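Chain by chain, the residues run as shown.
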Amino acid sequence: MNPPLISIQDLHKSYGDLDVLKGISLNVARGEVVVVIGASGSGKSTFLRCCNGLEAAQHGSIRICGQWLLKDGQDLCDKALNELRRQVGMVFQSFNLFPHMSILSNVAVGPRKILRYSKSESEAMAMQLLEKVGLVDKAHNYPGSLSGGQKQRVAIARALSMQPEVMLFDEPTSALDPQLVGEVLRVMKNLAQEGMTMMVVTHEMSFAREVADTLVVMAEGKIVESGPARAIFDNPQHESTQLLLQTL
Ligand code: ADP
Ligand code: MG
């Protein structure tokens, strides 16, 4: 057996007196797609943010791509953290594109500035990624002229431009009009089929059912249930899961 690509052990995170993550353990294999569901406030975003070093946890361990992001509650130094963050792409509910830059530049800027590609190399790579997300024809537009679904597809291309080993998605379609959700989910599904390792927080249950290898259910800072997505959908064990699946 290969070691897991992501290994999280007994992760604890609090904000002041508020315990938000209360001992999360999870292994994710290379190429695995994990969908995380849970009520609002259960700690899903905090969990994902810990997994790419946007939040520091107080206790536990996170190992990604063979590197420790957190070891026995100890953070990495900034240099190692930046290195690791490159391996872990993240897409948020709000797209966070650079409004004053063209779509092409939004996607090319990371490879250019951080991976030190030449201008032509970084632009060629950006065009390939825009092709992957179906937006070549928008390359020279600015974010302001795009729909939410298009913006989110650019955000995915931008995250991919750093050639990550893992992609994290935090409710990527929650801010979109319903008719735009499908185009973003399709891009994510293609990515999963290409073998990308993904952790996805979403309320889109059809996506979870179709694409997830593993479903993780969080409640009040803990994983209360996890396993093959279909098995959980068909036969949810935990009360929180049953409640969630009724309401979603
Ligand atoms: P979810 O994504 O599942 O809705 P979050 O991870 O955003 O949950 O939040 C979990 C809990 O942590 C909530 O009670 C939230 O208010 C709290 N929280 C999140 N971020 C912060 C922060 N930066 N400072 C203080 N409390 C926070
Ligand atoms: Mg959240």
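Right above here is the structure, for reference.
Residues numbered from 1 in each chain as written. Chains lettered and ligands numbered in written order. Predicted model: local features only at pLDDT ≥ 70, side-chain atom pairs only at ≥ 80, totals over all residues. Heavy atoms only, no water.

A. Spotlight on unusual backbone geometry. In this structure, Asp-10 is a non-glycine residue whose phi angle is positive, near 45°. Following the sequence through the fold, Asp-10 ends up in strand S1 (residues 6-15). Of note in the backbone geometry, Asn-96 takes a positive phi value of approximately 55° without being a glycine. By secondary structure assignment, the location of Asn-96 is in the loop between strand S7 (88-91) and helix H3 (103-113). By relative accessible area, which is 44% here, Asn-96 ends up partly exposed. (Helix = DSSP H or I, 4+ residues; strand = E, 2+ residues; numbered from the N terminus. Buried < 20%, exposed > 50% of the residue type's maximum accessible area, 1.4 Å probe, protein only.)

B. Here's a closer look at the site of ligand 1. In the vicinity of ligand 1, the contacting residues are Tyr-15, Leu-18, Val-20, Ala-39, Ser-40, Gly-41, Ser-42, Gly-43, Lys-44, Ser-45 and Thr-46. Interatomic distance of 2.7 Å between a backbone N/O atom of Gly-41 and an oxygen atom of ligand 1. At 2.8 Å from an oxygen atom of ligand 1 is found a side-chain nitrogen or oxygen belonging to Lys-44. Here ligand 1 loses 58% of its free accessible area of 560 Å² to cover by the protein chains. Taken together, the elements giving at least two residues each to the shell around ligand 1 come down to strand S2 (18-28) and helix H1 (44-51). When residues of the shell around ligand 1 are assigned to their parent elements, the largest contribution, three residues, is made by H1. Of the residues that constitute the shell around ligand 1, the class distribution is four nonpolar, six polar and one charged. (Near = heavy atom within 4 Å. Polar contact = N/O pair within 3.5 Å; in protein donor to acceptor, adjacent residues only side chain to side chain. Areas by Shrake-Rupley, 256 points an atom, 1.4 Å probe, with all protein chains shown as cover. Nonpolar A, V, L, I, M, F, W, Y, C, P; charged D, E, K, R; others polar.)

C. Summary view of the pattern of salt bridges. In the structure shown here, the tally under the stated rule is nine salt bridges. Notably, a salt bridge pairs Lys-13 with Glu-55, separated by 3.5 Å at the nearest N-O pair. Of this pair, Lys-13 sits in strand S1 while Glu-55 sits in the loop between H1 and strand S4 (59-64); the two residues are 42 residues apart in sequence, bridging distant segments of the chain. Considered together, Lys-13 and Glu-55 belong to a single accessibility category, that of buried residues. (Salt bridge = Lys/Arg side-chain N within 4 Å of Asp/Glu carboxyl O.)

D. Representation of the layout of surface pockets in the model. Of the voids in this model, the largest pocket is the one considered here, and its volume is about 600 Å³. The wall of the largest pocket is formed by 23 residues, among which Arg-85, Met-90, Arg-158, Ala-159 and Met-162 lie closest to the centre. For the lining of the largest pocket, the secondary-structure elements that each account for two or more residues are helix H2 (78-87), S7, H3 and helix H5 (148-160). Looking at side-chain class alone, the lining of the largest pocket contains twelve nonpolar, eight polar and three charged residues. Each pocket or cavity is described by its volume, and for the second largest pocket that value is around 290 Å³. In terms of lining residues, the second largest pocket is bounded by eleven residues, among which Asn-2, Pro-3, Pro-4, Leu-5 and Arg-30 are the most central. (1 Å grid on protein atoms, 1.4 Å probe; cavity = no way out; pocket = protein on both sides within 12 Å on 5 of 7 lines; lining within 4 Å. Points joined across faces, edges and corners; volume = space filled by probe spheres on them.)

E. View of the packing of aromatic side chains. Enumeration over the complete set of coordinates arrives at zero aromatic pairs. Sitting over the face of the ring of Phe-98, Arg-158 holds its NZ or CZ atom 5.2 Å from the ring centroid. (Phe/Tyr/Trp six-rings, centres within 6.5 Å; stacked < 30°, edge-to-face > 60°. Lys NZ or Arg CZ within 6 Å of the ring centre and 35° of its normal.)

F. The sheet that holds strand S11 (residues 222-228), seen in detail. If you trace the six strands from one edge of the open sheet to the other, you get S7-S8-S9-S3-S10-S11, paired in mixed fashion. Only two strands of the sheet have a single neighbouring strand rather than two, namely S7 and S11. For this sheet, the mean angle separating the axes of adjacent strands, direction not counted, is 15°. Pairing between strand S10 (residues 214-219) and S11: six bridges, direction antiparallel. (Pairing = 2+ DSSP bridges. Axes fitted to C-alpha atoms, helices over the stretch in contact; angles between N-to-C directions.)

G. Structural context of the packing of H5 against helix H6 (residues 178-193). With their axes 8 Å apart at the nearest point, H5 and H6 run at an angle of 20° to one another. When the interaxial angle is binned, H5 and H6 end up roughly parallel. Considering how the two elements wind past one another, H5 and H6 form a crossing that is right-handed. Packed against H5, whose contacting residues are Gly-148, Gly-149, Gln-150, Gln-152, Arg-153, Ile-156 and Leu-160, the element H6 presents Leu-180, Glu-183, Val-184, Val-187, Met-188 and Leu-191 at the interface. Split into classes, the residues belonging to the contact of H5 with H6 amount to seven nonpolar, four polar and two charged. (Parallel < 35°, antiparallel > 145°, perpendicular 65-115°, else oblique. Left-handed = near helix turned anticlockwise from the far one by under 90°. Contact = heavy atoms within 4.5 Å.)

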